Amino acid sequence: MLPLAARTAVLLVIGAAVGLAANAVRSDGVSLRGYSPPVSCEGPKGGHPVEVLPPDRAVRLCGDPGVLVADARPPRRFAEGHVAGAVHLPCAAPQAEASTVVSRLTAKNTLIVYGDTTEEARPVAEELRRRIGRPDVKVVVLDGGFPAWNQAGLACSSGPCPECTEHK
Amino acid sequence: MKEVVSWALRLGLGGLFVVAGVLKLRDPGAFATDIANYQLLPQYAALLAAMLPAVEILAGLVLIAGPAPWRRSAAAAIALMMVVFTVAAASALARGIDISCGCFGGESGRVDGLTIVRDVVLLAAAIAAVVLRATPRSATPP
């Protein structure tokens, strides 16, 4: 009879082989070759989707002390250029950093989140809305993301985020 | 008494792994995202998402209904998986990454301290299932 370790290895190999075979025949199986890890987290399930705000409407909120803008893109993209005054908060940001942003919203009534696309920012915005848990704070996504903002010739700046821990 | 505990461990742990595997099978793409979000081995997320649910289901079924020597192997396999899951969850928590656990497919909660506690309890149960062997009737003293 096989020893315990050998039987355990056999079980793991058989299970893995069955899993790969089942995945290969499934129409909705995950692609092993073409898979690329997501650049942003999946947002929480359920709840109504966050509102999407066009750049021309978002710019009217600039300078409003009740508004905070958060950039959900990777650090390199943020450093290349971002909405003036935005804080950097990618999906994979440390929890403490996200909590800092949430705490900065005490005197705010609107949080605008943007990415390279609308879809990139949406899960981050939904996650932040869940964490904030305040109905008086409106969380919105910038339609078209930073490219749309930049293309509209609206205020931008570049360089690392001075208030973000991962940029230090 | 030992046999009752052994049965309870087998049914509880085996059943939990079968359910967890089936829930993960429902959406392999979402499970791959959950794995990638741990930021440990994101390039292997798809491979793990394809293999892990079947391994969990097989280990769970063998633990419940397999022949005695293989039941211990299934418990050992579950213990190994629990070590990996616990390390991954603790690593995410230590790095402050706020992610969905992915433990039960789309029904999973966030990774937090309770996730670690649950994983450690399940690891202990799996080790107990490996160590605890029902005393054969013939070996029972008269």
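Residues numbered from 1 in each chain as written. Chains lettered and ligands numbered in written order. Predicted model: local features only at pLDDT ≥ 70, side-chain atom pairs only at ≥ 80, totals over all residues. Heavy atoms only, no water.

A.B. asks: Looking at this structure, how should I read the state of the cysteines?
C.D. replies: Residues and elements named next belong to chain B. Under the defined criterion, the tally for this structure stands at one disulfide over all chains. Covalent S-S linkage joins Cys101 and Cys103, the inter-sulfur distance amounting to 1.5 Å. When sorted by exposure, Cys101 lands in the same class as Cys103, which is buried. (Disulfide = S-S within 2.5 Å. Buried < 20%, exposed > 50% of the residue type's maximum accessible area, 1.4 Å probe, protein only.)

A.B. asks: Even after reading the chapter, I still don't get the packing of aromatic side chains, so can you show me in this structure?
C.D. replies: For any pair of aromatic rings, the description consists of the separation of the ring centres together with the inter-plane angle of the planes. Following the criterion strictly, the structure yields one aromatic pair over all chains and no others. For the cation-ring pair, Arg73(A) lies above Phe146(A), with the distance from its terminal atom to the ring centre recorded as 4.4 Å. Sitting above the plane of the Trp7(B) ring, Arg10(B) keeps its charged end 4.3 Å from the centroid. (Phe/Tyr/Trp six-rings, centres within 6.5 Å; stacked < 30°, edge-to-face > 60°. Lys NZ or Arg CZ within 6 Å of the ring centre and 35° of its normal.)

A.B. asks: Is there a simple way to think about the side chain of Thr115(B) in this case?
C.D. replies: Locating Thr115(B) in the fold gives a position in helix H5 (residues 113–131). Residue contacts for Thr115(B): discarding those within four places in its chain leaves Ala89(B), Cys101(B), Cys103(B) and Arg110(B). (Helix = DSSP H or I, 4+ residues; strand = E, 2+ residues; numbered from the N terminus. Contact = heavy atoms within 4.5 Å.)

A.B. asks: I keep staring at the pattern of salt bridges and nothing clicks. Help me out?
C.D. replies: It is possible for side chains bearing opposite charge to pair when their charged atoms get close. Residue and element names in this part refer to chain A. Within the structure shown, the criterion is met by nine salt bridges over all chains. For Lys138, the salt bridge goes to Glu51, with nearest N and O atoms at 3.2 Å. Here the residue Lys138 occupies a position in strand S6 (residues 138–142), and Glu51 occupies one in strand S1 (residues 51–53), the gap between them amounting to 87 residues. When salt bridges with common partners are traced through the structure, they connect Asp71, Arg73, Arg77, Glu80 and Asp116 into a single cluster. (Salt bridge = Lys/Arg side-chain N within 4 Å of Asp/Glu carboxyl O.)

A.B. asks: Please clarify how the interface of chain A and chain B should be interpreted in this entry.
C.D. replies: Often the size quoted for an interface is simply the accessible area lost on bringing the parts together. Listed per partner, the contact involves 34 residues of chain A and 36 residues of chain B. Taken over both partners, the interface formed by chain A and chain B buries close to 2800 Å², and the fraction arising from carbon and sulfur atoms is 69%. Three residues stand out in chain A for area buried against chain B, namely Arg7(A), Leu11(A) and Tyr35(A), and they jointly supply 20% of the buried area on that side. Where chain A meets chain B, there are zero salt bridges. The interface formed by chain A and chain B contains three residue pairs in polar contact (both at pLDDT 80 or more). Mapped onto the side of chain A that touches chain B, the elements with two or more residues apiece are helix H1 (4–25) and helix H5 (118–132) of chain A. The greatest single-element share of the side of chain A that touches chain B, amounting to 13 residues, is contributed by H1(A). (Buried area = accessible area lost by both parts, 1.4 Å probe. Polar contact = N/O pair within 3.5 Å; in protein donor to acceptor, adjacent residues only side chain to side chain.)

A.B. asks: Explain the side chain of Ser73(B) here, please?
C.D. replies: Position of Ser73(B) relative to the elements: it lies in helix H4 (residues 68–94). At a separation of 3.2 Å, a polar atom in the side chain of Ser73(B) contacts the main-chain carbonyl oxygen of Pro69(B). In contact with Ser73(B), not counting residues within four places along its chain, are Leu4(A), Arg7(A), Thr8(A) and Leu11(A).

A.B. asks: Could you clarify how one ought to interpret a nonpolar patch on the surface in this entry?
C.D. replies: Taken together, the side chains of Leu32(A), Leu40(B), Leu41(B), Tyr44(B), Leu47(B) and Leu48(B) present a nonpolar region at the surface, about 500 Å² in accessible area. Here Leu32(A) shows up in the loop between H1 and S1. Assessed through its relative accessible area of 42%, Leu32(A) is described here as partly exposed. (Patch = residues over 30% accessible without salt bridge, like charges linked within 9 Å, V, L, I, M, F, W, Y side chains within 5 Å. Areas by Shrake-Rupley, 256 points an atom, 1.4 Å probe, with all protein chains shown as cover.)

A.B. asks: Can you walk me through the nonpolar core in this structure?
C.D. replies: Buried together is how nonpolar side chains tend to be arranged in soluble globular proteins. In terms of nonpolar packing, the biggest core is built from 34 residues, with Val30(A), Tyr35(A), Leu13(B), Ile78(B) and Met81(B) touching the most fellow members. Sorting the residues of this core by element identifies H1 of chain A together with helix H1 (2–25), helix H2 (28–37), helix H3 (45–65), H4 and H5 of chain B as the ones contributing at least two each. A total of ten residues in this core trace back to one element, the largest contributor, which is H3(B). Counting 17 residues, the second largest nonpolar core, distinct from the first, contains Leu68(A), Ala70(A), Ala125(A) and Ile132(A). (Core = buried A, V, L, I, M, F, W, Y, C linked by side-chain atoms within 4.5 Å.)

A.B. asks: Can you help me understand H1(B) in this one?
C.D. replies: The α-helix advances 3.6 residues per turn, and as a result positions three or four apart in sequence lie on the same side. All names here are of chain B. Along its 24 residues, H1 runs 34 Å from first to last C-alpha, staying within 8% of the 34 Å computed at 1.5 Å per residue. Among all positions of H1, only Ser6, Leu9, Arg10, Leu13, Gly14, Phe17, Val18, Ala20, Gly21, Leu23 and Lys24 are buried. For H1, the secondary structure elements touched by its buried residues are H2, H3, H4 and H5. (Expected span 1.5 Å × (residues − 1).)

A.B. asks: Is there a simple way to think about the packing of H4(B) against H5(B) in this case?
C.D. replies: Axis angle and axis distance: for two packed helices, these are the angle between their axes and the distance between the axes, and together they describe the pair. All names here are of chain B. Closest axis-to-axis distance for the H4/H5 pair is 8 Å, and the angle between their directions is 160°. Judged by the inter-axis angle, H4 sits roughly antiparallel to H5. You can see that H4 and H5 cross each other, and the crossing is left-handed. Contacts between H4 and H5 involve Arg72, Ala75, Ala76, Ile78, Ala79, Met82, Val83, Phe85, Thr86, Ala89, Ala90 and Leu93 from the former and Gly113, Thr115, Ile116, Asp119, Val120, Leu122, Leu123, Ala126, Ile127, Ala129 and Val130 from the latter. (Axes fitted to C-alpha atoms, helices over the stretch in contact; angles between N-to-C directions. Parallel < 35°, antiparallel > 145°, perpendicular 65-115°, else oblique. Left-handed = near helix turned anticlockwise from the far one by under 90°.)

A.B. asks: Please clarify how the confidence of the model for chain A should be interpreted in this entry.
C.D. replies: Across chain A, the average pLDDT comes to 77, with 74% of residues at or above 70. Contacts of residues 39–46 of chain A to residues separated by more than four positions or lying in other chains number 19 contacts, the stretch itself having pLDDT below 50. (pLDDT = per-residue confidence, 0-100.)

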